[in-house]
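Take a look at the letters that make up each chain.
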Amino acid sequence: MVLLENDSFLTELTRLFQKCRTSGSVAITLKKYDGRTKPVPRKGYPENYEPADNKCLLRASDGKKKISTVVSTKEVIKFQMAYSNLLRAHMDGLKKKDKKSKGKKTKATQ
């Protein structure tokens, strides 16, 4: 997995979307990141780690290539605006979901 800067992550994510436009998918995950590089210690051992500030870890993968970035609290607004514009631009190829008819309810659901 490649850890990139925020701007280069967005450009690589654009490339992933363009590559997977006709066939394939892109999986994106977002989670809280406290800056740890080592696992959490077991019970009974003292924990002396205090995170400096809250961060977000974003990962994207198309199955073959994996990219990631860490967004700090200072850059969240700027990154979120650029990220949402990128998602809006590349979410046009989604398939519509088939609607189930409401007349076929069972007695258990009524």
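Residues numbered from 1 in each chain as written. Predicted model: local features only at pLDDT ≥ 70, side-chain atom pairs only at ≥ 80, totals over all residues. Heavy atoms only, no water.

- In the annotation of an unreviewed UniProt entry, the entry for the chain reads Signal recognition particle 14 kDa protein, and the organism field reads Esox lucius.
- Under the UniProt heading Sequence similarities (unreviewed entry), the note attached to the chain is "Belongs to the SRP14 family."
- The UniProt entry for the chain carries this comment under Subunit (unreviewed entry): "Heterodimer with SRP9; binds RNA as heterodimer. Component of a signal recognition particle (SRP) complex that consists of a 7SL RNA molecule of 300 nucleotides and six protein subunits: SRP72, SRP68, SRP54, SRP19, SRP14 and SRP9." (UniProt positions renumbered as here; feature names shortened; annotations may be inferred.)

### Some remarks on the packing of aromatic side chains
Reasoning step 1: One pass over the full model with this rule turns up two aromatic pairs.
Reasoning step 2: On the basis of an interplanar angle of 40 degrees and a centroid distance of 6.3 Å, the ring pair of Phe9 and Phe79 is categorised as tilted. Linking Phe9 in helix H1 (residues 6-19) with Phe79 in helix H2 (residues 76-90), this pair joins segments that are 70 residues apart in sequence.
Reasoning step 3: Judged by centre distance (5.9 Å) and plane angle (10 degrees), the ring pair of Phe79 and Tyr83 falls under stacked. With Phe79 and Tyr83 both in helix H2 and four residues apart, this pair spans about one turn of that helix. Accessibility assignment for this pair places Phe79 and Tyr83 in one class, buried.
Reasoning step 4: Ring pairs connect the aromatic residues Phe9, Phe79 and Tyr83, which therefore count as one cluster. (Phe/Tyr/Trp six-rings, centres within 6.5 Å; stacked < 30°, edge-to-face > 60°. Helix = DSSP H or I, 4+ residues; strand = E, 2+ residues; numbered from the N terminus. Buried < 20%, exposed > 50% of the residue type's maximum accessible area, 1.4 Å probe, protein only.)

### Side note on the layout of surface pockets
Reasoning step 1: Computed from the structure, the second largest pocket encloses a volume of approximately 200 Å³.
Reasoning step 2: The wall of the second largest pocket is formed by Leu3, Leu4, Glu5, Asn6, Asp7, Leu10, Thr69, Val70, Glu75, Lys78, Phe79 and Ala82.
Reasoning step 3: Broken down by secondary-structure element, the contributors of at least two residues to the lining of the second largest pocket are strand E1 (2-4), H1, strand E4 (66-72) and H2.
Reasoning step 4: Class assignment for the residues of the lining of the second largest pocket results in six nonpolar, two polar and four charged. (1 Å grid on protein atoms, 1.4 Å probe; cavity = no way out; pocket = protein on both sides within 12 Å on 5 of 7 lines; lining within 4 Å. Points joined across faces, edges and corners; volume = space filled by probe spheres on them. Nonpolar A, V, L, I, M, F, W, Y, C, P; charged D, E, K, R; others polar.)

### Side note on the packing of H1 against H2
Reasoning step 1: Interaxial distance between H1 and H2 falls to 11 Å at its minimum, and their mutual angle equals 10 degrees. By the angle class used here, H1 and H2 are roughly parallel. Every residue of H2 that contacts H1 at Asn6, Phe9, Leu10, Leu13, Thr14, Phe17 and Gln18 is listed here: Phe79, Ala82, Tyr83, Leu86, Leu87 and His90. (Axes fitted to C-alpha atoms, helices over the stretch in contact; angles between N-to-C directions. Parallel < 35°, antiparallel > 145°, perpendicular 65-115°, else oblique. Contact = heavy atoms within 4.5 Å.)

### Quick word on the pairing of strand E3 (residues 55-61)
Reasoning step 1: Pairing analysis gives seven bridges linking strand E2 (residues 27-33) to E3, with the strands arranged antiparallel. Residue pairing in the sheet places Ile28 in a bridge with Ala60 of E3. (Pairing = 2+ DSSP bridges.)

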